[in-house]
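Each chain, letter by letter, is given below.
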Amino acid sequence: MAFTDLAFLFVFLPAALLLYYLTANKGKELILLAVSLFFYACGSPRYMLLLVVSLIINTALGYAMGRLRERRTLAFSLLILGIVFQGGALVYYKYFDFAASMMSGGIQASLEADNLLLPLGLSFYTFKAISYLADVYQGKTEGNAPLTAMVYLSFFGQIQSGPLSRYDTFASAKGGINRELRSWGVIRFMTGFGKKIILANVLSNIVTEVFDTAQELSTPLAWLGAVCFSLQLYYDFSGYSDMAIGISGMFGYECPENFRYPYTTRSIGEFWRRWHITLGAWFRDYIYIPMGGSRAGKARLYLNLLAVWLLTGLWHGANWNFVVWGLGYFVLIAFEKATGIPNRLKTSAGKNMYRIFALLFINFQWVLFRSASLQKGLDFMKVMLVPTRSESAAGRAGFLLQDYLVFLVAAVLFAMPVVPACRRLVSRRRRIEGCYYVLSVAGLCVMFLIALSFAVSGQNNPFLYANF
């Protein structure tokens, strides 16, 4: 049951909110746990027992570590036990049970291979569980609230694809009625729904044709497909994140931001401070810094970066294209750290040229990410780089560009901070500020209704990160 399913929109979410707000504060966490388990049972029923057992083990280990914090050796042993258990489950399901589908078909096939689906949100659940256990061990949070920990780990608004919130932030909110947060949550959910249905799903028509069904490629068609996938993935995943943030807000919980206009980046390093922010923060806090970060000299810095990016690639899938994808980012980020580029560039022209290079590199990286194998990804990039003539493929590129031009222009436009810029502009003019917000709400409602009509008509694809 995805966030964009009509059953979720009109049955599950309203019923969950009604039950939650009609329940006294002492029982809200029990209600949220119950509806989260029901949500999981709908989406991944055959792995329900795995989730329940994992919840019990992780919360029991957290509670025990909290009680045994002074006995560091024993507490550390419990931490290792928890990491081995949760990490072992991830390795087994992702790299043994699931490897066949990823090796044979890449990201798209992984979404369609129903008989090999991963446990719902396993990668994100594993990272949340490890962060919870590590924070309890380090004394950043207490482990004396098993029910709260279970809600944190299983909360349906974040279990599928994040964002990777931290336990202390989640627990400090404790849910409840917060009208401002609830209203903001509704707005964020509607925004994300529009991103996913109107932009990501429409752009997927071009992407699927170019990557999966095109009989032959021309250079223009390959570039069109590559750019569209970069935009599709952004609106798909940031749309999901907006909906997750919105759902969290509706239940009184704050959720960290996961995207900050990443395609406005000036460098590769900055891109990853703007894209999937919570994943980058997790690797920084629980892998990079514990390994020594940048404090142990240059050689150790690059070794730590290599470990982080190799793990990041492997986390995305058991396929060589993901490994090369991760290593590619390691090479460029290491280059930026070694040279100080782009900060050391003196002219605007130089900085802008490097920005263009960074965006092109990111686009080629997404080709590897989307391709069914490393060889297919390299072949696709060859067509992009070496002019290839095909009158039918070139004509098809022109037809698709003309047919989807409005959606492409909108996707490029809203990938830039246009909305925040408008807000800043009207905030200086009190007379038009009220009109702006009225028009914004009206526009958001119209967009939501259009997206809803698309969903009703069957134009609804799975989230690209739904099975990671």
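In this text, all values refer to a predicted model and were calculated from it rather than measured experimentally.

Caption draft 1: Local environment of the overall build of the protein. When helices and strands are counted, the protein shows 20 helices and 0 strands. Scaling as 2.2 N^0.38, a compact globule of 468 residues should have a C-alpha radius of gyration of about 23 Å, and the protein matches this with 23 Å. Projected onto its principal axes, the C-alpha positions of the protein cover 70 × 55 × 50 Å. By the burial criterion, 53% of the 468 residues in the protein qualify as buried.

Caption draft 2: Summary view of the side chain of Ser248. Relative to the assigned elements, Ser248 resides in helix H10 (residues 219-250). Overall, Ser248 belongs to the buried group, its relative accessible area being 0%.

Caption draft 3: Structural detail: helix H7 (residues 146-154). With 7 of 9 residues buried, H7 lies mostly within the body of the structure. Buried within H7 we find Thr148, Ala149, Met150, Val151, Tyr152, Leu153 and Ser154.

Caption draft 4: Region of the structure containing the packing of helix H13 (residues 298-316) against helix H14 (residues 320-339). Taken N-terminus to C-terminus, the directions of H13 and H14 make an angle of 150 degrees; their axes are 8 Å apart at the nearest point. In terms of orientation, H13 and H14 fall into the roughly antiparallel class. H14 is crossed by H13, and the crossing has right-handed handedness. Of the residues in H14, those in contact with Lys298, Leu301, Tyr302, Leu305, Leu306, Trp309, Leu310, Thr312, Gly313, Leu314 and His316 of H13 are Phe322, Val323, Trp325, Gly326, Leu327, Tyr329, Phe330, Ile333, Ala334, Lys337 and Ala338. Of the residues in the contact of H13 with H14, the class split is 16 nonpolar, 4 polar and 2 charged.

Caption draft 5: Region of interest: the nonpolar core. By size, the foremost hydrophobic cluster in this structure holds 135 residues, and its most contacted members are Phe3, Phe156, Phe251 and Trp366. Broken down by element, this core gets its largest block of residues, 16 residues, from H10.

Caption draft 6: Region of the structure containing the packing of aromatic side chains. Under the definition given, this model contains 62 aromatic pairs. Ring centres 4.4 Å apart and planes at 5 degrees place the aromatic pair Phe211 and Phe380 in the stacked group. Residue Phe211 is located in helix H9 (residues 179-213), and its partner Phe380 is located in helix H16 (residues 374-385); the two are separated by 169 residues in the primary sequence. Taking relative accessible area as the criterion, Phe211 reaches 16% and is therefore assigned buried. Under the relative-accessibility criterion, Phe380 is labelled buried at 6%. A cation over a ring is seen here: Arg72 above Tyr137, with NZ or CZ 4.3 Å from the ring centre. Positioned above the aromatic ring of Tyr21 is the side chain of Arg182, whose terminal nitrogen or guanidinium carbon lies 5.1 Å from the ring centre.

Criteria and cut-off values
Residues numbered from 1 in each chain as written. Predicted model: local features only at pLDDT ≥ 70, side-chain atom pairs only at ≥ 80, totals over all residues. Heavy atoms only, no water. Helix = DSSP H or I, 4+ residues; strand = E, 2+ residues; numbered from the N terminus. Rg over C-alpha atoms; globule rule 2.2 N^0.38 Å. Buried < 20%, exposed > 50% of the residue type's maximum accessible area, 1.4 Å probe, protein only. Axes fitted to C-alpha atoms, helices over the stretch in contact; angles between N-to-C directions. Parallel < 35°, antiparallel > 145°, perpendicular 65-115°, else oblique. Left-handed = near helix turned anticlockwise from the far one by under 90°. Contact = heavy atoms within 4.5 Å. Nonpolar A, V, L, I, M, F, W, Y, C, P; charged D, E, K, R; others polar. Core = buried A, V, L, I, M, F, W, Y, C linked by side-chain atoms within 4.5 Å. Phe/Tyr/Trp six-rings, centres within 6.5 Å; stacked < 30°, edge-to-face > 60°. Lys NZ or Arg CZ within 6 Å of the ring centre and 35° of its normal.

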